[in-house]
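The chain contents come next:
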Amino acid sequence: MSQNISKEKVISLKGVSKFFDGRKIIDNVNFDIYSGETFVIMGCSGSGKSTLLRLMTGIIKPDEGNIFIRGKDISRIDIEELDQIRKSFGMLFQYSALLDSLTVDENVALPLREHTKLDENIIRIIVKMKLSLVGLRGFESYYPSKISGGMRKRVGLARAIALDPYVVFYDEPTSGLDPVVGGVIDKLIKDLSAKLLITSVVVTHDMQSVFRIADRVAMVHQGSIVKVGTPEEIKNSDNEYIKQFINGLPEGPIDFFTEDVDLFEEFGK
Amino acid sequence: MVTRVGRFILDIFKGAKGIGSLFIQIVYWIVFGPFKKKTAKLESIFYQMGFAGLRSIVIVFFVAIFTGIVLAMQSAYQLEKMGAVIYVASLVSISLCRELSPVLTALVVAGRVGSAIAAELGTMKVTEQIEALETMAINPIRFLAVPRFLALFFMLPCLTVVGNISGIMGGFIVGSGSLNINPYLYMQTSFKYLELKDVYTGLLKSFVFAMIIALIACFEGLNTTKGAEGVGRSTTRSVVISFILIILADCFLTAIFYFSNI
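Just so we're clear, the structure is a prediction, and the values are computed from it rather than from any experiment.

**Here we look at the overall build of chain B**
Helices and strands together make up the secondary structure of chain B, namely nine helices and zero strands. The N-to-C order of helical and strand elements in chain B reads α-α-α-α-α-α-α-α-α. Counting over 262 residues, chain B shows a buried share of 46%. Look at the contacts in chain B between residues 6 or more apart in sequence, and 88% of them connect residues 24 or more apart.

Here is the structure:
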């Protein structure tokens, strides 16, 4: 458990629900994330974990309930106020989402150029510092299409921490990467949260990663929170959903088939 | 069938509402952005002007010059019978400046630049780049749509002037070459009946066409869904809708200019 965790609530979700086309994707979700902790949201594909992340970053608004970021309800504020809060966010996207038309250093410098009045020389120094933090120097003038997936993730991370945010959201940070690079990204997440006292919210289904980085874990299934606990509590849980998920078992309460249709019946026999 | 027609009409209204809202937001950022110290970056506007304007000159030149050549030959075919072949010059210059050059240039630019904008913004949308801008508190309309809108707004009329000149040159080649009209007389007749209003009504049209191309391309790009297939669909839709709206707007504007005697 990290030493930097305080009891200050950075993010609070209270009774949050979200519907898409009449289907309830997020169902009455409640949890708090504390300052300095690494909070991991895990669940199967389509369980609603990425939707939770998009709700917390204000990209979509909840249909029911409230989302508080440092006490401010982001589901009830206008876009200008939300943008003010977003300046203290960082987000690492699943596929990095670097702007293709900008080079590595221009991508990292983008939030600084847009939101600060810093001199261009200072911006250049900050960009170098941030790229050093993620261990990526010498690629400043490369375009995102010319570097590997792992490097792109690290550039995305450098961009996410460019404005010294207090929360960084990670959407599947290790997916699509080989185990070594995945381990490097996990170490970076841990290091950044220790060095920069960042609160990290990570959405993933990579179990190795969960147990490496998490201070607390929330298991999501069909839009609901099954359990919130420490990695130890999750590992030792008797909950059937959690057991099936962490052991990757095909049999169990998590059903991967939408409906059991009798083929003979379907073909009219 | 009825539901399909109903859905089609509903889609048109939804699209019109979305494009209207995009237009208002673009105008808002152009007018009020400087007061908030949040403007589109100048280098971005210049880059887009280079892409939309400078790099379209060659295709506009070729389209206009050949249109001028064809127009001169076709009108000479009729006018020769009346012994009025000299009037090919003024016919070419007036029809190009008033009508053909603004419309053809707009169609070429809609195909070349509008499609590129829709595809670029569409790819950015499906690869989460637009979402990334939003989470960085960077308004995608200010950052992406405004420079493209301004670039097209200023460059399309310039390209139309290039089209006017190249078209008249095309007519001149036919007139002084195969129709044996004295080159000096040809040029004199070209501009004798060409009034200033013929040129500026054409340019006025091109400003409207530029707005249509930019709005449709940005709207389609920013509303792309469903991955690579969606990008293709947005690109096609942006070109098809721009073409239809350019012709429609041309019809309305010509009617307005005609009936108000401009």
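**Some thoughts on the overall build of chain A**
Across its full length, chain A holds 10 helices and 10 strands. Relative to the globule expectation of 18 Å for 269 residues, the C-alpha radius of gyration of chain A, 20 Å, shows essentially globular dimensions. Projecting the C-alpha coordinates of chain A onto the three principal axes gives extents of approximately 75 × 40 × 40 Å. In chain A, which comprises 269 residues, the share counted as buried stands at 40%. Considering only contacts in chain A between residues 6 or more positions apart, those separated by 24 or more positions represent 66%.

**Description of the sheet that holds strand β1 (residues 9-20) of chain A**
Residue and element names in this part refer to chain A. An order of β2-β1-β4-β5 is seen for the four strands of this open sheet, with the pairing classed as antiparallel. The open sheet has two edge strands with one neighbour each: β2 (23-34) and β5 (72-73). Here helix α1 (residues 49-56) sits on the sheet and contacts β1, β2 and β4 (64-69); the angle it forms with β2, its principal contact strand, is near 60°.

**A look at the packing of helix α4 (residues 88-126) of chain B against helix α8 (residues 196-222) of chain B**
All names here are of chain B. Relative orientation of the contacting elements α4 and α8 amounts to 15°, with a least axis distance of 8 Å. The angle between α4 and α8 falls in the class roughly parallel. The handedness of the crossing between α4 and α8 is right-handed. Of the residues that constitute the contact of α4 with α8, the class distribution is 17 nonpolar, eight polar and six charged.

**Looking at the sheet that holds strand β9 (residues 216-221) of chain A**
Backbone hydrogen bonds hold the strands of a sheet together, and the pairing may be parallel or antiparallel. All names here are of chain A. Spatially, β6-β7-β8-β3-β9-β10 is the arrangement adopted by the six strands of the open sheet, whose pairing is mixed. The open sheet is flanked by β6 (89-92) and β10 (224-229), the only strands paired with a single partner. Across the sheet, the axes of successive neighbouring strands diverge by a mean angle of 15°, strand direction being ignored. Across five bridges, strand β3 (residues 38-43) lies against β9 in parallel orientation. When the bridges of β9 are listed, F39 appears paired with R216.

**Things to note about unusual backbone geometry**
Residue and element names in this part refer to chain A. Phi is positive for S96, close to 70°, though the residue is something other than glycine. The backbone phi angle of L197 is positive, close to 55°, even though this residue is not glycine. Structurally, the position occupied by L197 is in the loop between α6 (179-195) and β8 (199-204). On the basis of neighbour count, L197 is assigned to the partly exposed category, with 15 C-beta atoms found within 10 Å.

**A word on the confidence of the model for chain B**
Taken residue by residue, chain B gives an average pLDDT of 93. The fraction at 70 or more is 100%. Two numbers describe this predicted complex: its pTM, 0.87, and its ipTM, 0.84.

**Section: helix α6 (residues 140-177) of chain B**
Residues and elements named next belong to chain B. An ideal rise of 1.5 Å per residue puts 56 Å on 38 residues; α6 measures up with 53 Å between its terminal C-alpha atoms. The largest bend in α6 amounts to roughly 30° and is located at V146, with the proline P147 lying one to four residues further along. Most of α6 is tucked away: 28 of the 38 residues are buried.

**A few points about the interface of chain B and chain A**
Facing 10 residues of chain B, the contacting portion of chain A comprises 15 residues. The class makeup of the residues in the side of chain B that touches chain A is four nonpolar, three polar and three charged.

**Topic: the packing of helix α3 (residues 57-82) of chain B against α6 of chain B**
Residue and element names in this part refer to chain B. Between α3 and α6, the least distance of the axes is 7 Å, while the angle of their chain directions is 40°. As summarised for this structure, α3 and α6 are arranged oblique, according to the angle between their axes. Of the two possible hands of crossing, α3 and α6 adopt the one that is right-handed. Residues I57, V60, F61, A64, I65, F66, T67, G68, I69, L71, A72 and M73 of α3 form the contact with α6, whose own contacting residues are L159, V162, G163, S166, G167, I168, M169, G170, G171, I173, V174 and G175. Across the contact of α3 with α6, the residue classes break down as 16 nonpolar, eight polar and no charged.

**Comments concerning the environment of N180 of chain B**
As for its position among the elements, N180 of chain B is in the loop between α6 and α7 (183-192). Expressed as a C-alpha distance, the spacing of N180 of chain B and L71 of chain B, which sit 109 residues apart in the sequence, is 16 Å.

**Quick word on the nonpolar core**
Across soluble globular proteins, nonpolar side chains have a tendency to be buried as a group. Counting 137 residues, the largest nonpolar core has M219 of chain A together with L152, I213 and C218 of chain B as the members making the most contacts within it. It is α4 of chain B that provides the largest number of residues to this core, a total of 18 residues. Setting aside residues up to four positions removed in sequence, M219 of chain A forms contacts with M42, G43, V226, K227, I234, Y241, I242 and F245 of chain A.

Conventions used here
- Residues numbered from 1 in each chain as written.
- Chains lettered and ligands numbered in written order.
- Predicted model: local features only at pLDDT ≥ 70, side-chain atom pairs only at ≥ 80, totals over all residues.
- Helix = DSSP H or I, 4+ residues; strand = E, 2+ residues; numbered from the N terminus.
- Buried ≥ 20, exposed ≤ 12 C-beta atoms within 10 Å, placed from the backbone.
- Contact = placed C-beta atoms within 7 Å.
- Rg over C-alpha atoms; globule rule 2.2 N^0.38 Å.
- Pairing = 2+ DSSP bridges.
- Axes fitted to C-alpha atoms, helices over the stretch in contact; angles between N-to-C directions.
- Parallel < 35°, antiparallel > 145°, perpendicular 65-115°, else oblique.
- Left-handed = near helix turned anticlockwise from the far one by under 90°.
- Nonpolar A, V, L, I, M, F, W, Y, C, P; charged D, E, K, R; others polar.
- pLDDT = per-residue confidence, 0-100.
- Expected span 1.5 Å × (residues − 1).
- Bend = angle between axes of the 7 residues up to and from the residue.
- Core = buried A, V, L, I, M, F, W, Y, C linked by C-beta atoms within 7 Å.

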